[in-house]
Amino acid sequence: MIHQEQKRLLHGAITSITPQSAQRRTFKQSTMHYHFTVLASLLLITSCNVAHSQSPPEYIEWEDGPASREEFDHDNAPDVCGIPVLTVEEWEAGRYWEGSKPVLVKNVTDGWAALEHWKKQEMLRRYPDAEATMGEARLVGETGPDEAGSTLTPTTVKEFITKHMYDPLKYFFDRKISIPKGMIEDCQPFPMPTRAYLENPDVGMAYAPSKKRRTRKIPDRELWRDHLAISIGADLQGFGFHHHREAWNVVIFGSKRWILWDFDRWNQNVTRQRRLVRDWDTKELLTGAEWIRQLYPHPERKEEIRNYGHDCVQRAGEMMFVPERWMHMVVNIGDTVAIISEIGLGGGEGRKAEDFLDSEDDSEDWESEDEEDEYNEDEEEYYYGDESEDEEEWYEDEEEEWDEV
């Protein structure tokens, strides 16, 4: 597209060859001057357009970026969303993190320094070298971020925001990120129950005389610890359907569209799970935005979410609590920055070189079956896609009713 300034230059170059000026030159000189001037203007326009196409778009603040509000935003009508909306006081008094239903909590970021320090330009100034990883949300979503291997690329806050953020194949999300101390302090007071651990890491500890040391009554995998993750993504970014342990997600800037699906509805039912989350024709997992556009309009899927799930929009300052194993997918609406905590996970220590390698053999050499079982219990997995690898021909009977599955 030729911009107004470029049009002006071109127009000026062409109109500089007037009949009066042509009379003062020979025909040959006028022709040469005309072609040279037009050629120079076209080269200027081309170079400007090439530079424009190669440079990432520059949006000063998060709010300045593109936002698909008309397509993906809605007003959380009770028959569409249906999630209880709580105050911070209600969340803490009711200990809703121990429950099995999603809730939305308002005004969680009140008083957070992140509201100022995490503004786009201020984040770039304060934390340019904070490290994390980026990758294509769809590919990372098929394995989970912990096992994504070579689909992830190391990056920093500055590099991602200034060079990659508006690339649809790049999404900044890392569960192993080693968050700088200043960024952690920007998000205080943290929501409960994570706050309890950060204030007192010895919470739940008891003295065991027989072992002459303190031990924790509650296993780490059942404790909300100091795990924190940061996600930064442009409009329409976000993972497709997946599930994991209990987690909370606080949006600091932007908005997120959530589709949540009750674990009890799809547990031990691979056919029902695949019929909802995958394309019946290609059997592929789609991105969240593609799923909403292409698959969600089907009456069976929409009815399933209306009856056994939730379709909600989370706005800046709000926290979404996702219960254990509830299937969910997320789509950013505009540039979105969020912080996440998941039960059982500890604080990130940063990525190691081996984290970016694909494992050639997923099997491990275990000294005993008990050792393997103990490892599997302690390892907090991030499940994406199917609960089982059962390859039944689930997709052939597309007209089968949900209740018959």
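As the structure is a prediction and not an experimental result, all values here were calculated from the model.

Colleague: What is the right way to look at the overall build of the protein chain in this model?
Modeller: Regarding its fold elements, the protein chain presents 16 helices and 14 strands. Here the protein chain, with 405 residues, has 45% of them falling under the buried criterion. Here the protein chain has roughly 21,600 Å² of accessible surface; of this, 48% comes from carbon and sulfur atoms.

Colleague: Honestly, the pattern of salt bridges in this entry has me stumped. Any pointers?
Modeller: Side-chain pairs of opposite charge can arise whenever the charged atoms involved come near each other. Under the criterion given, the structure shown has 16 salt bridges. Between D262 and K101 there is a salt bridge, with its nearest N and O atoms 3.4 Å apart. Note that D262 is positioned in the loop between strand 10 (247-261) and helix 12 (263-266) and K101 in the loop between helix 5 (88-94) and strand 2 (103-105), a separation of 161 residues in sequence. What makes D262 buried here is its relative accessible area of 13%.

Colleague: Help me out: how do you make sense of the state of the cysteines in this one?
Modeller: Every disulfide links exactly two cysteines, by a covalent bond between their sulfur atoms. In total, this model carries 1 disulfide according to the counting rule given. The disulfide partner of C81 is C312, and the S-S distance across this bridge is 2.0 Å. Linking C81 and C312, the disulfide has an S-S dihedral of approximately 100 degrees and is accordingly described as right-handed. Taken together, the residues span a long stretch of sequence, with C81 in the loop between helix 4 (69-72) and strand 1 (85-86) and C312 in strand 11 (residues 309-315) at a distance of 231 residues. Neither C81 nor C312 differs from the other in exposure class; each is buried.

Colleague: Got a minute to help me understand the nonpolar core in this structure?
Modeller: A general trend in soluble globular proteins is that nonpolar side chains are found buried together. Core analysis: the biggest nonpolar cluster contains 40 residues, and W91, W118, M123, I232 and I339 have the highest contact counts within it. With 4 residues, the top contributor of residues to this core is strand 10. Ignoring any residue separated from it by four or fewer positions in sequence, one finds I339 in contact with W112, W118, C187, F190, L228, A229, W248, N249, V250 and I252. Ranked by size, the runner-up nonpolar core spans 20 residues in total, among them I259, I292, I305 and I333.

Colleague: Explain unusual backbone geometry to me, please; I cannot follow it from the model alone.
Modeller: The phi torsion of most residues other than glycine is negative, and most of the peptide bonds are trans. Along the chain, Q188 connects to P189 via a cis peptide bond; the corresponding omega equals 5 degrees. Within the element layout of this structure, P189 appears in the loop between helix 10 (181-186) and helix 11 (194-199). Geometrically, the link from M192 to P193 is a cis peptide bond, its omega value of 5 degrees lying close to zero. Relative to the assigned elements, P193 resides in the loop between helix 10 and helix 11. Phi is positive for N107, close to 55 degrees, though the residue is something other than glycine. Checked against the element boundaries, N107 lands in the loop between strand 2 and helix 6 (114-117).

Colleague: Sorry if this is basic, but what is going on with the packing of aromatic side chains here?
Modeller: Each pair of aromatic rings is reported with the distance of its centres and the angle of its planes. In this structure the tally under the stated criterion is 9 aromatic pairs. Members of the aromatic cluster, connected to one another through ring pairs, are W91, W97 and F321. If you follow R265 out to its NZ or CZ, it ends over the ring of Y308, 3.9 Å from the centre. Above the ring of Y296, the side-chain terminus of K302 is found at 5.0 Å from the ring centroid.

Colleague: Would you mind showing me how to read the packing of helix 13 (residues 270-277) against helix 15 (residues 299-308) here?
Modeller: Geometrically, a packed helix pair is captured by the angle between its two axes and the distance between the axes. Packing of helix 13 against helix 15 brings their axes to within 9 Å, and their N-to-C directions diverge by 110 degrees. Between helix 13 and helix 15, the interaxial angle falls into the category roughly perpendicular. Pair helix 13 / helix 15 crosses with left-handed handedness. In this structure, helix 13 contributes R272, R275 and L276 to the contact, and helix 15 contributes E300, R301, E304 and I305. Of the residues contributing to the contact of helix 13 with helix 15, the split by class is 2 nonpolar, no polar and 5 charged.

Colleague: Looking at this model, I keep getting lost on the environment of R245. Mind explaining?
Modeller: Relative to the assigned elements, R245 resides in the loop between strand 9 (242-243) and strand 10. When its relative accessible area of 4% is taken as the criterion, R245 is described as buried. Linking R245 and P323, residues 78 residues apart in sequence, is a C-alpha distance of 7.0 Å. One polar contact links R245 to E324, side chain to side chain, over a distance of 3.3 Å.

Colleague: In this structure, what is going on with the side chain of E318? I would like to understand it.
Modeller: Tracing the backbone shows E318 in the loop between strand 11 and strand 12 (319-322). Although E318 is buried, it forms no salt bridge, and the closest oppositely charged side chain is R315 at an N-O distance of 5.7 Å. Within the local environment of E318, its side chain forms a polar contact with the backbone nitrogen of R315, the two atoms lying 2.9 Å apart. Other than its neighbours up to four places away in sequence, E318 contacts L104, V105, K106, N249, V250, V251 and V313.

About the cut-offs
Residues numbered from 1 in each chain as written. Predicted model: local features only at pLDDT ≥ 70, side-chain atom pairs only at ≥ 80, totals over all residues. Heavy atoms only, no water. Helix = DSSP H or I, 4+ residues; strand = E, 2+ residues; numbered from the N terminus. Buried < 20%, exposed > 50% of the residue type's maximum accessible area, 1.4 Å probe, protein only. Areas by Shrake-Rupley, 256 points an atom, 1.4 Å probe, with all protein chains shown as cover. Salt bridge = Lys/Arg side-chain N within 4 Å of Asp/Glu carboxyl O. Disulfide = S-S within 2.5 Å. Core = buried A, V, L, I, M, F, W, Y, C linked by side-chain atoms within 4.5 Å. Contact = heavy atoms within 4.5 Å. Phe/Tyr/Trp six-rings, centres within 6.5 Å; stacked < 30°, edge-to-face > 60°. Lys NZ or Arg CZ within 6 Å of the ring centre and 35° of its normal. Axes fitted to C-alpha atoms, helices over the stretch in contact; angles between N-to-C directions. Parallel < 35°, antiparallel > 145°, perpendicular 65-115°, else oblique. Left-handed = near helix turned anticlockwise from the far one by under 90°. Nonpolar A, V, L, I, M, F, W, Y, C, P; charged D, E, K, R; others polar. Polar contact = N/O pair within 3.5 Å; in protein donor to acceptor, adjacent residues only side chain to side chain. Lys, Arg positive; Asp, Glu negative; His and termini not counted.

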